[in-house]
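The chain contents come next:
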Amino acid sequence: AVADCSSAAAAIWCTIRLTVSISLETDMSASVDSLARSTLWRFLPYIRPHRGILLWSVAATVLFVLLSALQIWLIGPLVGSLFGHSPTNPTSQAVENLSGGGIDQVFSGVRQSFHELIQQFVVVGNPTETLARLCLAILLISLLKAIFGYIQSFTVALTQQRIIRLLRDQMF
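For clarity, every value in this text was computed on a predicted model and none was experimentally measured.

The rules behind these values
- Every chain begins its residue count from 1, and numbering advances along the sequence as written.
- It should be noted that, the model being predicted, local features are given only for residues of pLDDT at least 70 and side-chain atom pairs only at 80 or more, the latter also being counted only at that level, while totals for whole chains, interfaces and linings use all residues.
- Excluded from the side-chain calculations are hydrogens and water; all other atoms, namely the structure's heavy atoms, are used.
- By definition, any uninterrupted DSSP run of H or I lasting at least four residues is a helix, any uninterrupted run of E lasting at least two residues is a strand, and each is numbered from the N terminus.
- Here's how the labels work: a residue is buried when its accessible area is under 20% of the maximum for its type, exposed when over 50%, partly exposed in between, all with a 1.4 Å probe on protein chains only.
- Working rule for contacts: check all heavy atoms of both residues, and any pair within 4.5 Å makes them a contact.
- What sets the accessible areas is the Shrake-Rupley method with a 1.4 Å probe; for residues, cover comes only from the shown protein chains.
- Take the number of residues in a helix, subtract one, and multiply by 1.5 Å to get its expected span.
- Residues qualify for a patch when their relative accessible area is over 30% and they have no salt bridge, like charges being joined within 9 Å and the nonpolar side chains of Val, Leu, Ile, Met, Phe, Trp and Tyr within 5 Å.
- We count a salt bridge whenever a side-chain nitrogen from Lys or Arg sits within 4 Å of a carboxyl oxygen from Asp or Glu.
- Two rings from Phe, Tyr or Trp (for Trp, the six-membered ring) form a pair when their centres are within 6.5 Å of each other. A pair whose planes differ by under 30 degrees is stacked, one over 60 is edge-to-face, and the rest are tilted.
- Each residue gets a pLDDT score, which is the predictor's confidence in that residue and runs from 0 to 100.

Caption draft 1: Focus on the overall build of the protein chain. Scanning the protein chain from N- to C-terminus turns up seven helices and zero strands. Along the protein chain, helices (α) and strands (β) appear in the sequence α-α-α-α-α-α-α when read from the amino end. Expressed as a percentage of its 172 residues, the buried residues of the protein chain come to 27%. The long-range fraction of contacts in the protein chain, counting pairs at least 24 apart against all pairs at least 6 apart in sequence, stands at 67%. Split by element, the accessible area of the protein chain, about 11500 Å² in all, is 68% carbon and sulfur.

Below, the structure is given as structure tokens:
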């Protein structure tokens, strides 16, 4: 029986059902993992033409995650300074807390460079000005996160719609 595959969600569901039924007919003893792998390999030719867009999506996702970590890292000194636990340098304690295991040895140069960058642009002699700059830095990071999140969502949706269109063209 052919189901109504007119909407995007229904087209995806029909494609998955068709792929699963073909896979089950060819090998009834296939495990779920091998079935998932075979489905992935079947969709790979549809994904390949969109490598560039997907690379943009991966890059935007990585930048979004890094900015999220940076935002959380900067919120700690902000909260500490608001509740009176502020050292003379609100970011120095957070930078010192980054030391740890093997990852610290690998990224110690990056950590030191980032610490100097924060010292130069955020931390000033006046605690009120430092607090204002810290808030501005968090606001800018939030704006950049929103931009990269939008880029990631847009590129994934664009790729998804193009693949669905190709599948529909081949099915009907």
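Caption draft 2: Quick look at helix α7 (residues 127–171). Taking 1.5 Å of rise per residue, the 45 residues of α7 would be expected to cover 66 Å, and the 65 Å separating its terminal C-alpha atoms lies within 8% of that figure. Within the span of α7, buried status applies to Thr130, Leu134, Ala137, Ile138, Ile141, Lys145, Gly149, Thr155, Thr159, Ile163, Ile164 and Leu167.

Caption draft 3: Quick peek at the environment of cysteine 135. Within the secondary structure layout, cysteine 135 lies in helix α7. Judged by its relative accessible area of 38%, cysteine 135 falls in the partly exposed class. Separated by 13 residues in sequence, cysteine 135 and valine 122 have C-alpha atoms that sit 9.5 Å apart.

Caption draft 4: Up close: a nonpolar patch on the surface. A contiguous nonpolar surface patch, about 560 Å² in accessible area, is contributed by Leu136, Leu139, Leu140, Leu143, Leu144 and Ile147. Position of leucine 143 among the secondary structure elements: in helix α7.

Caption draft 5: Structural detail: the side chain of histidine 50. Structurally, histidine 50 is set in the loop between α2 (32–47) and α3 (51–82). Leaving out residues up to four positions away in the same chain, histidine 50 has contacts with Thr159, Arg162, Ile163 and Leu166.

Caption draft 6: Seen up close, the pattern of salt bridges. Under the definition given, this model contains one salt bridge. In this structure, glutamate 129 and arginine 133 form a salt bridge, with 3.2 Å as the shortest nitrogen-oxygen distance. Of the two residues, glutamate 129 and arginine 133 both sit in helix α7, four residues apart, roughly one turn of that helix. Here glutamate 129 falls in the partly exposed class, since its relative accessible area comes to 34%. You can call arginine 133 partly exposed: its relative accessible area is 31%.

Caption draft 7: Looking closely at the packing of aromatic side chains. Per the stated rule, a full pass over the model turns up one aromatic pair. With centroids separated by 6.0 Å and ring planes inclined at 25°, the aromatic side chains of tyrosine 150 and phenylalanine 154 adopt a geometry described as stacked. With tyrosine 150 and phenylalanine 154 both in helix α7, this residue pair falls four residues apart, about one helical turn. For tyrosine 150, a relative accessible area of 56% puts it in the exposed group.

Caption draft 8: The confidence of the model for the protein chain, seen in detail. Per-residue confidence for the protein chain gives a mean pLDDT of 74; residues scoring 70 or more make up 63%. Per-element confidence in the protein chain ranges from a low mean pLDDT of 48 for helix α4 (residues 92–96) to a high of 90 for α7. Note on residues 87–92: pLDDT is under 50 here. Beyond four places in sequence and across chains, it has 16 contacts.

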